[in-house]
Every structure is written in C-alpha cells, then in structure tokens.
Amino acid sequence: MSHIIEGQPLNRKLTAMVLSALRPQAKPYYVSDDQQVGLRVRVAPTGALTWNVAYRIKGGGTKSASLGPCDPNGRKGLGLADARERAADIVRAARQGRDLLGEEFDERAAQRERLTIQKLIETYAKSIKSPNRKGGALRTADDIERRLLRALSGKLQVAADDLTRGQLSELLDSVADERPREAEKRRQVIGAMFRWGIAKGYVTIDPTAGTESYGQGDPGERVLEPVEIEAFWKWLNAGADKMAPDIIDVLRIQLCIGARVGEVAGMDASELRTEDGKLIWTLPAARSKNKSERVTPLAGRARQTVEHALERRKRGPLFQTALSARTLTATDIGHALLKRTLPCAHFSTHDLRRTVVSGMDELGIALDTIAAVVGHQRGSRDTRTLVKHYSRPKLDERIEAALSAWDRHLGDIIEGRLEPAGSNVRKLRVA
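Conventions used here
- Residues numbered from 1 in each chain as written.
- Predicted model: local features only at pLDDT ≥ 70, side-chain atom pairs only at ≥ 80, totals over all residues.
- Heavy atoms only, no water.
- Pairing = 2+ DSSP bridges.
- Helix = DSSP H or I, 4+ residues; strand = E, 2+ residues; numbered from the N terminus.
- Axes fitted to C-alpha atoms, helices over the stretch in contact; angles between N-to-C directions.
- Contact = heavy atoms within 4.5 Å.
- Expected span 1.5 Å × (residues − 1).
- Buried < 20%, exposed > 50% of the residue type's maximum accessible area, 1.4 Å probe, protein only.
- Patch = residues over 30% accessible without salt bridge, like charges linked within 9 Å, V, L, I, M, F, W, Y side chains within 5 Å.
- Areas by Shrake-Rupley, 256 points an atom, 1.4 Å probe, with all protein chains shown as cover.
- Salt bridge = Lys/Arg side-chain N within 4 Å of Asp/Glu carboxyl O.
- Lys, Arg positive; Asp, Glu negative; His and termini not counted.
- Charge placed at Lys NZ, Arg CZ, Asp CG, Glu CD.

Visitor: I would appreciate a short explanation of the sheet that holds strand E3 (residues 39–43) in the present structure.
Guide: Pairing between the strands of a sheet comes from backbone hydrogen bonds, and it takes one of two forms, parallel or antiparallel. The sheet built from 5 strands is open, its strands ordered E1-E2-E3-E4-E5 with mixed pairing. One side of each edge strand has no neighbouring strand; the edge strands of this open sheet are strand E1 (10–12) and strand E5 (62–69). The sheet shows a mean angle of 30° between the axes of neighbouring strands, direction not considered. The pairing of strand E2 (residues 29–33) with E3 spans 4 bridges and is classified as antiparallel. Bridged to Ser-32 within E3 is Arg-40. Against the sheet, helix H2 (residues 80–95) makes contact with E2, E3, strand E4 (49–56) and E5, and its axis sits at roughly 20° relative to E4, the strand it touches most.

Visitor: Hey, could you run me through helix H9 (residues 245–257) in this one?
Guide: An α-helical turn contains 3.6 residues, so a residue and the one three or four places further along point in the same direction. The terminal C-alpha atoms of H9, which comprises 13 residues, lie 19 Å apart, in line with the 18 Å expected from a rise of 1.5 Å per residue. Most of H9 sits out of view: 12 of its 13 residues are buried. The set of residues buried in H9 consists of Asp-246, Ile-247, Ile-248, Asp-249, Val-250, Leu-251, Arg-252, Ile-253, Gln-254, Leu-255, Cys-256 and Ile-257. Backbone geometry just downstream of H9 places Gly-258 in the positive-phi region, at approximately 75°.

Visitor: Would you explain a negative patch on the surface in this entry?
Guide: A surface patch of like charges, here negative, comprises Glu-170, Asp-173, Asp-177 and Glu-178. Mapped onto the fold, Asp-173 is located in helix H6 (residues 165–176).

Visitor: Is there a simple way to explain the environment of Pro-131 in this structure?
Guide: Examined against the element boundaries, Pro-131 turns out to sit in the loop between helix H4 (117–129) and helix H5 (141–151). Of the residues examined, Pro-131 reaches a relative accessible area of 69% and is grouped as exposed. Apart from residues lying up to four places away in sequence, Pro-131 is in contact with Gly-136 and Ala-137.

Visitor: Please clarify how the environment of Ala-366 should be interpreted in this entry.
Guide: Tracing the chain through its elements places Ala-366 in the loop between helix H13 (349–362) and helix H14 (367–374). Residues Ala-366 and Arg-398 lie 32 residues apart in sequence; the distance between their C-alpha atoms is 9.4 Å.

Visitor: Whenever I open this one, the environment of Leu-22 confuses me. Can you help?
Guide: For Leu-22, the location among the structural elements is in the loop between helix H1 (16–21) and E2. Take Leu-22: its relative accessible area is 7%, and that puts it in the buried class. Through-space distance from the C-alpha of Leu-22 to that of Ala-48 is 9.8 Å; in sequence the pair is 26 residues apart.

Visitor: In this structure, what is going on with the pattern of salt bridges? I would like to understand it.
Guide: Pairing between side chains becomes possible if they bear opposite charge and their charged atoms approach one another. All chains considered together, the criterion is met by 29 salt bridges. The partner of Arg-147 in a salt bridge is Glu-182, and the shortest N-O contact between them spans 3.1 Å. Placement of the pair is Arg-147 in helix H5 and Glu-182 in helix H7 (residues 180–200), with a sequence separation of 35 residues. Accessibility classification places Arg-147 together with Glu-182 in one group, the buried group. Because the salt bridges share partners, they merge into one network encompassing Arg-147, Glu-182, Lys-185, Arg-186 and Glu-362.

Shown next, in the form of structure tokens:
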C-alpha cells in the first residue's frame with residue numbers, strides 16, 4: 001500500500017486478502033469498495049479497521065456513519081459480506097428518501113420508553129438461558145429469574161428506566177429487616193440485570209449504583225454460600241482433617257436433607273426400608289423434636305451415603321463413635337467440628353440445616369413442603385390434621401420431589417457449575 005496518497009480515497013474491490021494487507025499511515029484514510037456503493041473501510045493510524053457507509057438521502061444531504069469494527073474473517077467484528085449487506089440496506093433506503101439508521105435509533109429510543117421491568121426481566125432471563133450465550137446457558141438462570149420477580153413484584157409494570165434508587169430501597173429495606181442476606185442477594189441480581197440492560201441499550205440507568213450492601217446477616221442467621229458449600233463438600237471428601245468417617249457421613253446427609261444433626265446421627269438400620277425401589281427413612285416420634293413421626297424418601301447423595309453405611313452395619317445404629325462404638329450424638333459432631341480447621345468461616349451444624357431450608361426456598365419450593373422436609377410444624381392445628389389424615393401420600397411425593405430438586409442443585413454447587421450473583425465472590429480453596 002505504499003502508493004497511497006494522503007488525504008485521497010482509494011477504490012478497490014475489497015476482499016479478505018485486501019483488507020488484511022491494509023497498513024496504517026500517519027493519518028487515517030478510507031478505502032472504498034468497488035462492489036458496494038457507499039461502503040468503505042477506515043484505516044486508523046493505530047491499524048484498526050472500521051466499516052463506514054456514506055449515503056445521500058433523496059431530497060436531503062449526505063451522511064456518513066460507522067458500521068462497527070471490521071474483521072476480514074468476521075470473527076471479532078463485521079465481516080465483508082455482512083458489511084456489504086448492511087450498506088446496501090442503508091443506501092437503498094436513502095434512495096427512497098429514508099434514513100434507515102435514524103429510524104433505527106428512534107425505534108430503540110421508543111423501545112426504552114416502553115420497556116417495563118417485567119419485560120426487562122423476561123429479556124434478561126432469555127439471554128442468560130440461551131445456549132448461544134458466551135460460556136453457555138447460566139445454570140442459575142431460573143433461580144435468578146425467580147429472585148428478580150420476587151424482588152420487583154410491586155414494580156413489574158413500571159418503565160425500567162423510571163425505577164429510582166429510593167423505590168428500590170423501599171423494596172429491599174422491607175426484606176432486610178428480617179433477612180439481610182436475601183436483601184443483599186436481590187440487590188446484586190438486580191444490579192447485574194440493569195448493567196446488562198445498559199450494555200444492550202435497553203436502559204440508561206442502574207438503580208443499584210451507589211447503594212450500600214446489606215451485608216451477610218447476623219451470625220445467628222448463617223447460611224453457607226455456594227462457594228462455601230463446594231469447599232466444605234470437597235473438604236469432607238478429602239478426609240476433613242482426619243475426621244471419623246461416620247461423622248463425615250452424618251454431615252453429608254444433613255446437608256442433603258436438612259434434618260437435625262442429632263436425628264441423622266442417631267439413625268438406626270431398623271428405621272430404613274425399601275419400598276417400590278425407594279429407600280425410606282422413618283424417624284420415630286420418640287427421636288423427633290416435635291414428637292411426631294417423620295417419613296423421608298432418601299434421594300441422590302443422601303441415599304448413596306446411607307446405603308454405604310448399611311453395607312458396613314446391617315443392623316443397629318448406623319453411625320457410631322470410633323472408640324466406644326456407641327451411637328453418635330449432636331454433641332459428638334459439634335466437638336469434632338470445633339477441633340478442625342474448616343475450609344470456610346466457622347459454622348454450626350444448625351447452619352447446615354438453615355442452608356438447606358434457604359436453598360430450597362430459593363428454588364421456589366413451597367414453604368409448607370420445606371417445613372415437612374425438615375420436620376417443622378406446618379400451619380394451624382386444623383391444617384396439620386388434614387395433612388396427617390388425608391394428604392400423607394401426596395405430601396410424601398412433594399417431599400421426594402423437593403429433596404430431589406435440592407440434590408440436583410447441590411450437585412451443581414459441588415461441581416462448580418453455578419455462577420455467583422455478585423462479581424466480588426471468589427472461590428475458597430479447600431483446606
């Protein structure tokens with residue numbers, strides 16, 4: 001390209017080879033395409049190539065507009081064939097007296113005005129669920145969509161650009177009074193959606209910008225984050241700092257089903273039976289805190305762990321102390337954790353139970369079903385009577401479905417397939 005005369009445009013039949021051979025000069029210059037009227041490529045002094053179209057509107061003046069980065073191979077920018085097609089559409093419209101680029105700009109502006117928060121959520125959810133998304137579909141997309149709908153339920157018909165920081169604070173402050181951790185998660189996913197909307201041109205503001213974090217909640221409300229669950233499970237698999245295998249199994253099962261640690265630790269072979277191919281654990285009323293029998297269909301990792309324990313002990317207590325061979329207790333588990341260096345910030349066994357409840361809630365499982373899973377009383381006395389005498393079979397199916405859903409979600413966490421809602425979360429190394 002040494003024959004270029006500074007300031008004068010060049011005309012060439014553009015090809016991928018010609019584009020690749022263009023070299024920068026002291027000043028930017030244009031090379032027009034002989035095949036498509038109006039299409040040209042701008043060569044910057046830095047060597048960057050940009051598509052440009054020059055067109056005259058019938059009855060009006062001449063305009064010039066950038067079409068975006070030029071990539072001869074069409075991988076990181078607009079390829080030659082697409083650039084020619086885009087320029088042809090613009091020139092054709094100009095000959096008819098229309099400014100296609102101006103029409104598109106006005107349409108995007110009108111779309112921003114019409115875009116409601118509900119529509120923004122739908123569009124964002126569709127994007128993060130798309131298999132064509134960079135990195136593939138986001139595994140937590142359904143959870144994120146549910147959390148957005150819950151968080152913004154009172155403002156779904158409001159224009160997305162009209163949501164103010166004050167309005168958002170009203171929505172989140174009411175949650176933060178009792179569940180600061182949940183309020184913070186909602187703030188993070190709302191911010192991620194609006195930042196995506198700004199990048200796409202759907203909105204112009206992010207109402208979470210400048211808002212303060214709601215923190216992680218009080219110690220009494222400790223819920224393990226996905227990165228902590230992943231690290232904890234891998235720590236158990238690695239031997240948990242030489243912790244007894246029976247104690248490791250109890251902790252695994254508790255994180256799978258959310259039962260009280262004492263209930264799991266005291267599990268007896270006589271409490272287990274196989275029915276229609278399912279492994280059923282019946283907690284007797286004498287061992288239940290609320291003095292009610294509880295039936296739990298074991299699924300996934302919980303079933304695997306219990307079946308492995310049954311191979312070791314076919315009768316009597318499944319989990320025993322190493323020295324005296326007595327049944328493990330909640331105190332034994334607590335002491336074992338206190339003596340170890342944990343892979344994440346300290347927690348209690350009840351925090352594992354709370355983590356299961358919180359996780360099921362985030363999956364959209366009904367609260368009465370969650371209560372049945374973990375052994376809480378549900379509703380009024382009349383409601384409990386109906387469940388006890390009439391709804392038991394269906395309730396068992398719901399419990400099994402809930403535990404299966406949590407087991408799948410737990411698998412995604414353990415395998416590191418979940419992306420955190422906030423960009424400031426980092427994975428913990430296993431101790």
